[in-house]
Amino acid sequence: MNSDVRSGRFDAEVDEDAAAINRRQNSFKVDQASTGIVEHASFTVALYKALRKRDLDAQEAVAALVAAMSKWVLENAEAYSFARLGVSRADPGGAFKSIRENFKKRGEERFGSHFVYEQEISDEKRSFVNITRCLYNDLLRSMGYPEVIPVFCAMDTIWAADVTHPRYGVQFDRPTTLAMNADKCRFQFSKAGTSAK
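Every value quoted in this text rests on a predicted model; they were computed, and no experiment measured them.

Peer 1: Help me get a handle on helix H5 (residues 77-85), residues and values and all.
Peer 2: Those residues of H5 that sit buried are Ala77, Tyr80, Ser81, Arg84 and Leu85. Buried residues along H5 cover an arc of 100 degrees about the axis, so they all sit on one side. In this structure, the buried residues of H5 make contact with helix H4 (58-75), helix H6 (95-111), strand E1 (116-122) and helix H8 (149-163). Of the residues one or two after H5, Gly86 is the one with positive phi, at around 80 degrees.

See the structure below:
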């Protein structure tokens with residue numbers, strides 16, 4: 001059952017449903033980044049619906065999607081950490097500085113204008129950035145599939161595991177998310193051994 005998800009083989013029904021869902025989301029396509037996110041989310045919802053038709057309950061379907069997406073993110077975590085945050089194994093001591101300089105800036109560039117980032121704290125030991133508007137959150141809620149939002153949130157825990165490897169001396173916490181009905185996603189980076197307060 002889940003092997004067709006993990007192997008990348010999807011039937012025509014999923015592809016057709018994804019295309020139909022995508023066409024109905026034009027109001028969310030405000031820039032190139034959001035257009036790609038809408039396409040990805042549309043496909044994810046179509047796959048979720050197909051898994052539910054195969055007698056998986058919502059929790060099982062979400063778990064299957066997380067497993068499928070996690071595989072790719074795990075295989076590419078180091079490259080993603082460098083592209084997204086500037087964190088490099090060649091300069092482990094510079095990891096926190098790179099995250100502080102790049103998380104908000106590159107997030108705005110990479111994810112587009114439908115995401116709203118707010119820098120709460122930026123000093124030599126802490127970088128706290130809040131996301132107060134998230135396209136995945138808004139889009140999936142408008143589609144009627146809020147239970148799928150955590151699939152995308154789960155990917156953060158994978159790249160976070162890479163950048164919090166002891167070699168980098170970085171701690172990460174995300175105590176709240178919009179998906180959990182909080183007012184914002186709180187991304188809290190700090191140098192290892194630093195109090196979050």
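Peer 1: Describe in detail unusual backbone geometry, supporting the description with residues and values.
Peer 2: Its identity is not glycine, yet Asp55 carries a phi of approximately 70 degrees, on the positive side. For Asp55, the location among the structural elements is in the loop between helix H3 (32-53) and H4. In this structure Asp55 comes out as exposed when scored by relative accessible area, which is 71%. The phi angle at Asn181 is positive, at roughly 70 degrees, despite the residue not being glycine. Relative to the elements of secondary structure, Asn181 occurs in the loop between strand E3 (170-173) and strand E4 (185-191).

Peer 1: Tell me about the nonpolar core, and please be specific about residues and values.
Peer 2: The biggest cluster of nonpolar side chains holds 56 residues, and the ones touching the most others in it are Ile99, Phe103, Phe115, Phe152, Trp159 and Phe189. Among the elements that take part in this core, H8 stands out by supplying ten residues, more than any other. Apart from the residues lying within four places of it in its own chain, the contact partners of Ile99 are Leu85, Val87, Val163, Val170 and Phe189.

Peer 1: Break down the packing of aromatic side chains for me, citing the residues and quoting the values.
Peer 2: Tallied over the entire structure, the rule returns twelve aromatic pairs. Both rings, one in Tyr48 and one in Tyr145, keep their centres 5.9 Å apart while their planes meet at 80 degrees; by these two values the pair is edge-to-face. One end of the pair, Tyr48, is in helix H3; the other, Tyr145, is in the loop between helix H7 (135-143) and H8, and 97 residues separate them in sequence. Between the NZ or CZ atom of Arg84 and the centre of the ring of Phe103, over which it lies, the distance is 4.4 Å. Over the ring of Phe128 we find Arg126, and its NZ or CZ is 5.9 Å from the ring centre.

Peer 1: Run through the layout of surface pockets, naming residues and quoting values.
Peer 2: Empty space among the atoms becomes apparent when a probe as large as a water molecule is rolled across them. Here the largest pocket defines a volume of roughly 670 Å³. Looking at the largest pocket, it is lined by 27 residues, and the ones nearest its centre are Tyr80, Phe111, Tyr136, Phe152 and Met155. Elements represented by at least two residues in the lining of the largest pocket include exactly H4, H5, H6, H7, H8 and E4. Here the lining of the largest pocket takes six residues from H8, the largest share from any one element. Here the lining of the largest pocket is composed, by residue class, of 20 nonpolar, three polar and four charged.

Peer 1: So what's going on with H7? Residues and values would help.
Peer 2: For H7, the full list of buried residues reads Leu135, Tyr136, Asn137, Leu139, Leu140 and Met143. Elements in contact with the buried residues of H7: helix H2 (12-23), H3, strand E2 (126-133) and H8. Looking one or two places after H7, you find Gly144, whose phi comes out positive at around 90 degrees.

Quick notes on the rules
- Residues numbered from 1 in each chain as written.
- Predicted model: local features only at pLDDT ≥ 70, side-chain atom pairs only at ≥ 80, totals over all residues.
- Heavy atoms only, no water.
- Buried < 20%, exposed > 50% of the residue type's maximum accessible area, 1.4 Å probe, protein only.
- Helix = DSSP H or I, 4+ residues; strand = E, 2+ residues; numbered from the N terminus.
- Arc of directions from axis to C-beta.
- Contact = heavy atoms within 4.5 Å.
- Core = buried A, V, L, I, M, F, W, Y, C linked by side-chain atoms within 4.5 Å.
- Phe/Tyr/Trp six-rings, centres within 6.5 Å; stacked < 30°, edge-to-face > 60°.
- Lys NZ or Arg CZ within 6 Å of the ring centre and 35° of its normal.
- 1 Å grid on protein atoms, 1.4 Å probe; cavity = no way out; pocket = protein on both sides within 12 Å on 5 of 7 lines; lining within 4 Å.
- Points joined across faces, edges and corners; volume = space filled by probe spheres on them.
- Nonpolar A, V, L, I, M, F, W, Y, C, P; charged D, E, K, R; others polar.

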